[in-house]
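Okay, here's what each chain looks like letter by letter:
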Amino acid sequence: MEETNDQIVQRIKKLESLRAAGIDPYGARFEGKTPLAEIVEKYHSSTKETLEAQPVSYKISGRMVSLRRFGKAAFSHLQDATGRLQVYFKKDHLGEAGYDLFEKLDIGDYIGVEGPLFRTKTDELTLQADRLTLLSKSLRPLPEKWHGLTDVETRYRMRYVDLIANPEVRKVFALRSMIIDSIRRFLTQHDFLEVETPMMHPIPGGAAARPFITHHNTLGVDLYLRIAPELYLKRLIVGGFERVYEINRNFRNEGISTIHNPEFTMLEFYMAYADYRDLMSFTESLITTVAKEVLGTLTFEYQGKQIDLTPPWRRLAYLDAIAEKYRVAVSDLSDPEKVAELMQRAGLPMKPGASLGKQLNDLFEMTVEPALTGPIFITDYPTEISPLAKRKPDQPHLTERFEMYIASREIANAFSELNDPHDQRSRFESQAAQRAAGDLEAHVMDEDYLRALEYGMPPTAGEGIGIDRLVMLLTNQSSIRDVILFPQLRPERSER
């Protein structure tokens with residue numbers, strides 16, 4: 001820490017020296033620059049002799065990420081958003097004033113340079129600096145080049161330094177942008193309209209989750225950061241839109257883990273005149289299209305596991321998945337005593353007052369889900385844990401719902417939407433009773449949504465896809481924090 005402080009002091013002295021010399025250490029715009037990757041791509045095969053016979057000059061800019069001084073000459077690597085290029089500084093080329101400026105530079109400074117390309121004795125493509133402009137002085141030293149920024153919490157807390165020190169991190173977020181762009185284009189091609197719905201809700205709804213609460217002073221009411229946009233998107237289906245989607249930020253006041261962040265990104269889309277079977281085929285097409293566009297393949301490795309997205313994907317009923325895991329009959333799963341035995345067998349605690357449906361869900365999430373390498377659709381979830389999904393006509397205790405798993409993680413949740421206002425009211429009442437009994441994640445009664453359903457909603461299928469988890473999968477990242485630029489962290493401890 002003392003060494004870092006000394007370096008900052010020295011840099012501040014250089015800053016003051018620059019200002020005393022009439023040089024602005026935080027310069028203005030820099031026009032006419034060429035992306036470094038473009039230069040490297042164009043001249044990567046040009047020989048020393050070719051560059052000498054057909055000289056070319058370029059104007060470039062970027063951050064100095066390395067610096068090697070040799071008397072009155074030096075080499076540095078400049079890094080911009082596209083790549084890196086070596087730059088050669090020499091007093092003979094820069095002149096007295098230009099080289100005096102160069103000597104006040106440090107690793108981390110942003111500069112602009114202009115000059116011809118050549119190849120060094122080691123055959124590295126290099127730009128000779130004939131003109132030099134300081135664009136921004138860095139007062140803090142970058143992490144040492146030989147070990148980079150490796151402390152995980154520091155990487156997340158100071159993402160701006162992580163992006164400088166670890167080029168592979170920038171690639172992850174570039175891929176994230178490509179993935180979202182690919183999703184948007186796919187949905188647009190299938191006649192979906194992108195919409196925006198409120199982020200502050202008078203009633204938290206659309207998912208089983210604890211909300212964040214805020215207060216609107218003028219209205220004098222509490223509001224909730226949205227846990228899901230579902231009920232607003234379905235109001236739009238009632239209003240006459242037939243295909244809508246939103247790539248949205250959701251907020252859930254829950255724990256933090258490698259797959260959970262309190263603020264996260266979801267894709268939700270709704271398709272009128274369709275059901276959950278249509279969505280399974282649609283989801284296969286969407287995910288495989290995105291994978292082909294971003295990775296160029298449907299087979300890849302994720303955290304040591306081989307993933308093959310080639311359709312068709314397996315479909316397995318929820319109760320069948322549990323029965324298959326424990327080698328019991330599906331009928332046994334309706335017997336409370338036999339389910340209690342399975343809970344004991346799995347080493348799971350029996351929560352006081354937990355219903356049969358909640359116990360089955362604990363069994364599924366804790367013991368079945370980890371084995372779902374996938375891709376696989378788990379279908380037909382119990383009505384008790386699916387308050388917004390339509391019942392199966394021949395099995396009303398089950399719903400037309402699926403969750404899609406890849407690499408043991410839920411990537412998507414979808415169902416044929418419940419559009420019967422009376423059934424929906426009954427489900428909300430059941431959820432309200434669970435909430436009154438202490439379940440803080442149970443759904444709240446929403447009278448306005450019920451009123452919307454009473455105007456009539458066509459048969460509709462809806463789905464939510466976790467963008468962060470999908471990005472984790474396609475970029476081979478083990479933690480959700482590695483695909484969120486600024487993940488939520490505990491407050492930084494003061495060193496004072």
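Nothing here was measured: the structure is a model prediction, and the numbers come from that model.

Parameters and conventions
- Residues numbered from 1 in each chain as written.
- Predicted model: local features only at pLDDT ≥ 70, side-chain atom pairs only at ≥ 80, totals over all residues.
- Heavy atoms only, no water.
- Pairing = 2+ DSSP bridges.
- Helix = DSSP H or I, 4+ residues; strand = E, 2+ residues; numbered from the N terminus.
- Domains from an automatic or database assignment.
- Salt bridge = Lys/Arg side-chain N within 4 Å of Asp/Glu carboxyl O.
- Buried < 20%, exposed > 50% of the residue type's maximum accessible area, 1.4 Å probe, protein only.
- Contact = heavy atoms within 4.5 Å.
- Axes fitted to C-alpha atoms, helices over the stretch in contact; angles between N-to-C directions.
- Polar contact = N/O pair within 3.5 Å; in protein donor to acceptor, adjacent residues only side chain to side chain.
- Expected span 1.5 Å × (residues − 1).
- UniProt positions renumbered as here; feature names shortened; annotations may be inferred.
- Parallel < 35°, antiparallel > 145°, perpendicular 65-115°, else oblique.
- Left-handed = near helix turned anticlockwise from the far one by under 90°.
- Nonpolar A, V, L, I, M, F, W, Y, C, P; charged D, E, K, R; others polar.
- Core = buried A, V, L, I, M, F, W, Y, C linked by side-chain atoms within 4.5 Å.
- Patch = residues over 30% accessible without salt bridge, like charges linked within 9 Å, V, L, I, M, F, W, Y side chains within 5 Å.
- Areas by Shrake-Rupley, 256 points an atom, 1.4 Å probe, with all protein chains shown as cover.

Considering the pairing of strand 9 (residues 213-216)
Okay, step 1: In this structure, strand 9 lies alongside strand 10 (residues 221-225), joined through 4 bridges in antiparallel fashion. Within strand 10, the position partnered with Ile213 by the bridge is Tyr224.
Okay, step 2: Counting the residues that bridge the hairpin from strand 9 to strand 10 gives 4 residues, and of these Gly220 lies at a positive phi of roughly 65 degrees.

Let's talk about the domain arrangement of the chain
The figure often quoted for interface size is the accessible area lost as the parts come together.
Okay, step 1: On domain assignment, one finds that the chain holds domain 1 (1-142) and domain 2 (164-313 + 374-482).
Okay, step 2: Each of domain 1 and domain 2 has a C-alpha centre, and the two are 48 Å apart.

As for the sheet that holds strand 8 (residues 200-201)
Okay, step 1: One open sheet accounts for 3 strands, arranged 8-10-9; its pairing is antiparallel. The two strands at the open ends of the sheet, each matched to only one other strand, are strand 8 and strand 9.

Here's the deal with the pattern of salt bridges
Here the idea is simple: oppositely charged side chains can pair when their charged atoms come close.
Okay, step 1: Following the criterion strictly, the structure yields 32 salt bridges and no others.
Okay, step 2: Here Asp92 ties to Lys90 by a salt bridge, and the two come within 3.9 Å at their closest N and O atoms.
Okay, step 3: Residue Asp92 is classed as exposed on the basis of its relative accessible area, which comes to 63%.
Okay, step 4: Residues Asp380 and Lys392 are paired through a salt bridge, measuring 3.5 Å at the closest nitrogen-oxygen approach. Here the residue Asp380 occupies a position in the loop between strand 16 (376-379) and strand 17 (391-392), and Lys392 occupies one in strand 17, the gap between them amounting to 12 residues.
Okay, step 5: Asp380 gets classed as buried once you look at its relative accessible area, which sits at 12%.
Okay, step 6: Within this structure, Lys14, Asp106, Asp109 and Lys137 form a network of salt bridges that share partners.

Overview of the sheet that holds strand 21 (residues 460-466)
Okay, step 1: Sheet architecture is open: 8 strands sit in the order 7-11-12-21-20-19-16-15, paired in mixed fashion. If you trace the sheet from one side to the other, it starts and ends with strand 7 (193-194) and strand 15 (314-317), each paired once.
Okay, step 2: Both strand 12 (residues 263-272) and strand 21 contribute to a ladder of 7 bridges, which runs antiparallel. Counterpart to Met271 in the pairing with strand 21 is Ala461.
Okay, step 3: This element, helix 10 (residues 318-326), spans strand 15 and strand 16 of the sheet and lies at about 85 degrees to strand 15.

Side note on the side chain of Asp468
Okay, step 1: As for its placement among the helices and strands, Asp468 is situated in helix 15 (residues 467-475).
Okay, step 2: A relative accessible area of 2% means that Asp468 is categorised as buried.
Okay, step 3: Side chain to side chain, Asp468 and Arg176 meet in a polar contact 2.8 Å long.
Okay, step 4: Within the local environment of Asp468, its side chain forms a polar contact with the backbone nitrogen of Thr265, the two atoms lying 2.9 Å apart.
Okay, step 5: Beyond its immediate stretch of four places on either side in the chain, Asp468 contacts Arg176, Phe264, Thr265, Ile480, Val483 and Ile484.

A word on helix 13 (residues 421-436)
Okay, step 1: With 16 residues, helix 13 extends 22 Å from end C-alpha to end C-alpha; this agrees with the ideal 22 Å at 1.5 Å per step.
Okay, step 2: N-capping of helix 13 is provided by Asp420, with a side-chain oxygen placed 2.9 Å from the backbone N of His422.
Okay, step 3: Gly438, located one to two residues past helix 13, shows a positive phi value of around 115 degrees.

Observations regarding the UniProt feature "binding site: Mg(2+) 2" (unreviewed entry) in the chain
Okay, step 1: Taking the UniProt record as the reference, the feature "binding site: Mg(2+) 2" (unreviewed entry) is found at Glu410.
Okay, step 2: Classification of Glu410 by relative accessible area gives partly exposed; the value is 26%.
Okay, step 3: Discounting residues that sit within four places of it in the chain, Glu410 has contacts with Glu403, Met404, Tyr405 and Arg469.

Regarding the packing of helix 11 (residues 336-346) against helix 12 (residues 356-368)
Okay, step 1: Contact geometry for helix 11 and helix 12: axes closest at 10 Å, N-to-C directions at 30 degrees. Relative to helix 12, the element helix 11 lies roughly parallel. Crossing of helix 11 against helix 12: the hand is left-handed. Packed against helix 11, whose contacting residues are Pro336, Val339, Leu342, Met343 and Ala346, the element helix 12 presents Leu356, Gln359, Leu360, Asp362, Leu363 and Thr367 at the interface.
Okay, step 2: Of the residues assigned to the contact of helix 11 with helix 12, the class counts are 8 nonpolar, 2 polar and 1 charged.

Some details on the nonpolar core
Okay, step 1: Membership of the largest hydrophobic core comes to 47 residues, with the highest contact counts inside it found for Ile183, Leu267, Phe269, Leu309 and Met404.
Okay, step 2: The dominant element in this core, judged by the number of residues it contributes, is helix 9 (residues 276-295), at 9 residues.
Okay, step 3: Grouped together as the second largest cluster of nonpolar side chains are 26 residues, Leu36, Ile60, Leu94 and Leu101 included.

Focus: the packing of helix 10 against helix 12
Okay, step 1: Their axes nearest at 10 Å, the elements helix 10 and helix 12 cross at an angle of 60 degrees. Taken as axis vectors, helix 10 and helix 12 run oblique relative to one another. Crossing hand, helix 10 versus helix 12: left-handed. Between helix 10 and helix 12, the contacting residues are Tyr318, Leu319, Ala321, Ile322, Lys325 and Tyr326 on the first element and Leu360, Asn361, Leu363, Phe364, Thr367 and Val368 on the second.
Okay, step 2: Considered class by class, the residues forming the contact of helix 10 with helix 12 number 9 nonpolar, 2 polar and 1 charged.

What about a nonpolar patch on the surface?
Okay, step 1: A surface patch of nonpolar side chains, about 410 Å² in accessible area, is lined by Met158, Tyr160, Leu485 and Phe486.
Okay, step 2: Assignment of secondary structure puts Phe486 in the segment after helix 15.

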